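Topology and contacts: notes
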Amino acid sequence: MTDRSSLYKGLSCAAWGYLFLNLDFNLGNVSILPRFAGWLLFLRAIDELKEERRDLALLRPLGFLLALWTGADWLASWAGMDVEGQFPPLDMVAAVAQLYFLFQFLTDLAALAKAWCRKPEAADLSGKILLCRTVQTVLVTAIALWPHLPRPGWLPDGLANGAVITLALAYVLLGIALMLYLFQLRRAFQDAAPPPFPPAPGGPGEF
C-alpha cells in the first residue's frame, strides 16, 4: 500500500497541475504558466499515486504525449508561431486524448478520496470531484467541437464569440474548483507532509 507521504506529494502535484492547465498569463506571446508544466506535474502525481491506483500508470504514455504537444506549442510561441491550429486533425486527436486522460485521472482521484477518507465529508468530496469530472468532459468536448460546427447564418459574430468566452471562463472556474478540492483532499494526509526546511546540521538527533 502507498505510504501517506507519497499520497500527499501526488495530490500536491495533481492540484498544482490544474493551476498550469487552466490559468494563462502571457508576456508578449509567451505564457508564464505553460500548460506543459501542468502535464509534467500530472505525470509526477501518477508516479506517486500509481501504487494505490494502478490504473493511473496506464495514463503515463498519454500524459507524456500531451506534455510534448503543449511543450512544442510553447516553444513555438517564442518565435511568434503556434503549433495548435496548424493541423486541425492533430488538434482533434489532442483534444480527445486530453478528454480521456482527465476523465480517468479524476475518476481515480475520486476513488482515492473515497477509499482513504472515512469521514462523511470525504464521501461528499469524492462526489464533488466526480461532478467536476463530468462537467469538465462536457466543457472540453464543447470547446473542441465549437470551431468545427457550422454556424447558422442568423447567429451574430458577437454572440458566437460570447459563447466561446463563456465556455472558456467556465472551464477556468472549474479548474480552480478542482484545484481547491484536491488541496482539500491533500489535507487528509497533512501529517505526512515533508518538513518545509531540512534540519540544520548539528540539530536534534545528529551527532
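Refer to the preceding data block for the structure.
Attention here is on the structure that accompanies the text. (Residues numbered from 1 in each chain as written. Predicted model: local features only at pLDDT ≥ 70, side-chain atom pairs only at ≥ 80, totals over all residues. Heavy atoms only, no water.)

**Considerations on the overall build of the protein chain**
Regarding its fold elements, the protein chain presents six helices and two strands. Starting at the N terminus and walking to the C terminus, you meet the elements of the protein chain as α-β-β-α-α-α-α-α. Buried positions account for 40% of the 207 residues belonging to the protein chain. Sequence-distant contacts, at least 24 apart, represent 75% of the contacts inside the protein chain between residues at least 6 apart. In the form shown here, the protein chain has an accessible surface area of approximately 11,900 Å², with 68% of it arising from carbon and sulfur atoms. (Helix = DSSP H or I, 4+ residues; strand = E, 2+ residues; numbered from the N terminus. Buried < 20%, exposed > 50% of the residue type's maximum accessible area, 1.4 Å probe, protein only. Contact = heavy atoms within 4.5 Å. Areas by Shrake-Rupley, 256 points an atom, 1.4 Å probe, with all protein chains shown as cover.)

**Things to note about the pattern of salt bridges**
By the definition in use, this model includes five salt bridges. Notably, a salt bridge pairs Arg 53 with Asp 108, separated by 3.2 Å at the nearest N-O pair. Within this pair, whereas Arg 53 is found in the loop between helix H2 (35–49) and helix H3 (60–77), its partner Asp 108 is found in helix H4 (residues 88–116), the two being separated by 55 residues in sequence. The class for Arg 53 is partly exposed, based on a relative accessible area of 26%. (Salt bridge = Lys/Arg side-chain N within 4 Å of Asp/Glu carboxyl O.)

**Some words on the packing of H2 against H3**
In contact at an axis separation of 7 Å, H2 and H3 are set at 160° when each is read in the N-to-C sense. Classed by the angle they form, the pair H2 and H3 counts as roughly antiparallel. Where H2 crosses over H3, the handedness of that crossing is left-handed. Contacts between H2 and H3 involve Arg 35, Phe 36, Trp 39, Leu 40, Leu 43, Ile 46 and Asp 47 from the former and Arg 60, Gly 63, Phe 64, Leu 66, Ala 67, Thr 70, Gly 71, Asp 73 and Trp 74 from the latter. Grouping the amino acids of the contact of H2 with H3 by side-chain chemistry returns nine nonpolar, three polar and four charged. (Axes fitted to C-alpha atoms, helices over the stretch in contact; angles between N-to-C directions. Parallel < 35°, antiparallel > 145°, perpendicular 65-115°, else oblique. Left-handed = near helix turned anticlockwise from the far one by under 90°. Nonpolar A, V, L, I, M, F, W, Y, C, P; charged D, E, K, R; others polar.)

**Some points on the nonpolar core**
Counting residues in hydrophobic clusters, the biggest one holds 41 residues, and the most contacted among them are Tyr 18, Trp 39, Phe 42, Phe 101, Leu 102, Phe 105 and Leu 109. Where this core is concerned, the elements lending two or more residues are helix H1 (4–22), H2, H3, H4, helix H5 (120–145) and helix H6 (157–186). Once residues within four sequence positions are removed from consideration, Leu 109 is found in contact with Leu 11, Ala 14, Leu 49, Leu 182 and Leu 185. (Core = buried A, V, L, I, M, F, W, Y, C linked by side-chain atoms within 4.5 Å.)

**A look at the packing of H1 against H2**
For any two helices packed against each other, the geometry comes down to the angle between their axes and how far apart the axes lie. Two numbers describe how H1 lies on H2: the axes approach to 7 Å, and their chain directions differ by 165°. By the angle between their axes, H1 is roughly antiparallel relative to H2. The chirality of how H1 crosses H2 is left-handed. In contact with Ser 6, Leu 7, Lys 9, Gly 10, Leu 11, Cys 13, Ala 14, Trp 16, Gly 17, Tyr 18, Phe 20 and Leu 21 of H1, H2 contributes Arg 35, Ala 37, Gly 38, Trp 39, Leu 41, Phe 42, Arg 44, Ala 45, Glu 48 and Leu 49. Its residues assigned to classes, the contact of H1 with H2 comprises 14 nonpolar, four polar and four charged.

**Observations concerning H1**
Under the 1.5 Å per step criterion, the end-to-end length of H1 is 27 Å for 19 residues, consistent within 8% with the ideal 27 Å. Here H1 lies mainly inside the structure; 15 of its 19 residues are buried. (Expected span 1.5 Å × (residues − 1).)

**A few points about the packing of aromatic side chains**
Applying the stated rule across the entire model yields eight aromatic pairs. Seen in terms of ring centroids, Phe 36 and Trp 74 are 5.3 Å apart; in terms of plane orientation they differ by 55°. Their pairing is tilted. Of this pair, Phe 36 sits in helix H2 while Trp 74 sits in helix H3, and the two are 38 residues apart along the sequence. Taking the relative accessible area as the measure of exposure, Trp 74 reaches 23% and is therefore partly exposed. Taken together, a centroid distance of 4.9 Å and an interplanar angle of 50° make the contact between Phe 42 and Phe 105 tilted. With a gap of 63 residues between them, Phe 42 in helix H2 and Phe 105 in helix H4 connect regions that are remote in the sequence. Of the two residues, Phe 42 and Phe 105, both sit in the buried class. Ring-pair connections join several aromatic residues into one group, and the members of that group are Tyr 18, Trp 39, Phe 42, Phe 101 and Phe 105. (Phe/Tyr/Trp six-rings, centres within 6.5 Å; stacked < 30°, edge-to-face > 60°.)

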